[in-house]
Amino acid sequence: MAELRVGLYPGTFDPITYGHLDIIRRGLKLVDRLVIGVATNPSKSPLFSLEERVNMVRGETRELAQRHAVDIAVKPFDELLMSFAEKIGARVILRGLRAVSDFEYEFQMAGMNAHLNPEVETVFLMADAKYQPIASKLVKEIAAYGGRIDSFIPPRVANAVRAQIASERGFPGGPVKM
Ligand code: ADP
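Every chain begins its residue count from 1, and numbering advances along the sequence as written. Local features in this predicted model are restricted to residues whose pLDDT is 70 or higher, and side-chain atom pairs enter the listing and the counts only when it is 80 or higher, whereas totals over whole chains, interfaces and linings include all residues. To obtain the side-chain values, all non-hydrogen atoms of the structure were used and water was disregarded.

A. Here's a closer look at the site of the ligand. Lining the immediate surroundings of the ligand are 20 residues, of which Tyr9, Thr12, Lys44, Gly96 and Tyr131 lie closest. Residue glycine 96 places a main-chain N or O atom 2.7 Å away from an oxygen atom belonging to the ligand. Any pair of nitrogen or oxygen atoms within 3.5 Å is treated as a polar contact; in protein, a donor-acceptor pairing is required on top of that, and neighbouring residues in sequence qualify only through side-chain atoms on both sides. Glutamine 132 has a polar backbone atom sitting 3.4 Å from a nitrogen atom of the ligand. Protein contacts shield 92% of the accessible area of the ligand, which totals 550 Å² for the unbound molecule. Secondary structure elements follow DSSP: runs of H or I of four or more residues count as helices, runs of E of two or more count as strands, with numbering from the N terminus. For the shell around the ligand, the elements supplying multiple residues, two or more each, are strand S1 (6–11), helix H1 (18–27), strand S4 (92–97) and helix H4 (100–116). For the shell around the ligand, the class distribution of residues is eight nonpolar, seven polar and five charged. Put simply, a residue is near a molecule or strand once any heavy atom of it comes within 4 Å of that molecule or strand. A 1.4 Å probe and the Shrake-Rupley method give the accessible areas. Residues count as covered only by the protein chains that appear here. When residue character is reported, Ala, Val, Leu, Ile, Met, Phe, Trp, Tyr, Cys and Pro are called nonpolar, Asp, Glu, Lys and Arg charged, and the others, Gly included, polar.

B. Structural detail: helix H3 (residues 81–88). Within the sequence span of H3, burial applies to Leu81, Met82, Phe84, Ala85 and Ile88. Angularly, the buried residues of H3 cover 160 degrees about the axis, an arc narrow enough to put them on a single face. Any two residues whose heavy atoms approach within 4.5 Å are treated as being in contact. As for H3, its buried residues are in contact with S1, strand S2 (33–39), strand S3 (71–77), S4 and H4. Glycine 89 sits one or two residues past H3 and shows a positive phi near 75 degrees. Throughout, exposure labels follow a simple rule: accessible area from a 1.4 Å probe, protein chains only, divided by the maximum for the residue type, with under 20% read as buried, over 50% as exposed, and the rest as partly exposed. The directions considered for the arc are those from the helix axis to the C-beta atoms.

C. Structural view of the nonpolar core. Formed by 36 residues in total, the largest nonpolar core has its most connected members in Ile16, Ile24, Leu34, Ile36 and Val161. Among the secondary structure elements, those contributing two or more residues to this core are H1, S2, helix H2 (50–68), S3, S4, helix H5 (136–144) and helix H6 (155–168). At five residues, H2 tops the list of elements feeding residues into this core. With residues near it in sequence (within four places) discarded, valine 161 still touches Pro15, Phe48, Ala143, Ile149 and Ile153. Counting 14 residues, the second-largest nonpolar core is a separate cluster that includes Ala73, Phe77, Phe84 and Ile88. Throughout, nonpolar core names a set of buried Ala, Val, Leu, Ile, Met, Phe, Trp, Tyr and Cys residues whose side chains join them through atoms within 4.5 Å.

D. Structural view of the pairing of S2. Burial runs high along S2: six of the seven residues are buried. Examined bridge by bridge, S1 and S2 share six bridges and lie parallel to one another. The residue bridging glycine 7 from the neighbouring strand is leucine 34, located in S2. Look down the strands so they point away from you; if the path from the first strand over the helix to the second goes clockwise, the crossover is right-handed. Handedness of the crossover joining S2 and S3 through H2 is recorded here as right-handed. At least two bridges found by DSSP between two strands are what make those strands a pair.

E. Spotlight on H1. Burial runs high along H1: seven of the 10 residues are buried. Of all the residues in H1, the buried ones are Gly19, His20, Leu21, Asp22, Ile23, Ile24 and Gly27. Contact partners of the buried residues in H1: S1, S2, H2, S4, strand S5 (121–126) and H5. Sitting at the amino-terminal end of H1 is threonine 17, which places a side-chain oxygen 3.0 Å from the backbone nitrogen of glycine 19.

F. Fine view of the pairing of S1. The element S1 is extensively covered by neighbouring structure, given that six of its six residues are classed as buried. The alternating pattern of S1 places Val6, Leu8 and Pro10 and Gly7, Tyr9 and Gly11 on opposite faces, both of which are buried. Once you follow S1 into H1 and on to S2, the crossover reads as right-handed. With two bridges connecting them, S1 and S4 associate as parallel partners. Across the sheet, residue glycine 7 finds its bridge partner in S4, namely valine 92.

Right, here's the structure in full:
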């Protein structure tokens, strides 16, 4: 029997957006099993805890997995990306590319990861044009100023963002972690 092709899509997913979901939908065409790796990433001071981010990604991908009959696993990780990829048997790392600004960082990371493990290939996918400008960071900024975020993230995630921002803000107009 042919070896199962396992792909890893790593990210912070703070929170998961329609951009991420579009990349996941495309990635599913390339692999038999997709592991979505949710990074702790304390340096980004996430708005949501690791557990909340994992649960949101699970909630938003459950239906996709059923529809595509592909195995999707959502796992938290707090280690070197390549060590995690080896542990789960991933041969491909999926990353999304938005604008030119993403390129330099992604290019360096893919290059260094290739040195760490030449067996694992990094594959870049582009989201549909309507999802390309979406970034979790901007969604949080828009929400913090009371703007509409419903066209960028799924309804349950949008409610969670609004609730989290309201709870972090002890008083109206108070500071919010980005
Ligand atoms: P990280 O902190 O690892 O960059 P993110 O959750 O911000 O985590 O992003 C995870 C991956 O998804 C990255 O490769 C990022 O470029 C990609 N991505 C995020 N939003 C989009 C989008 N709108 N279109 C295409 N790729 C995206």
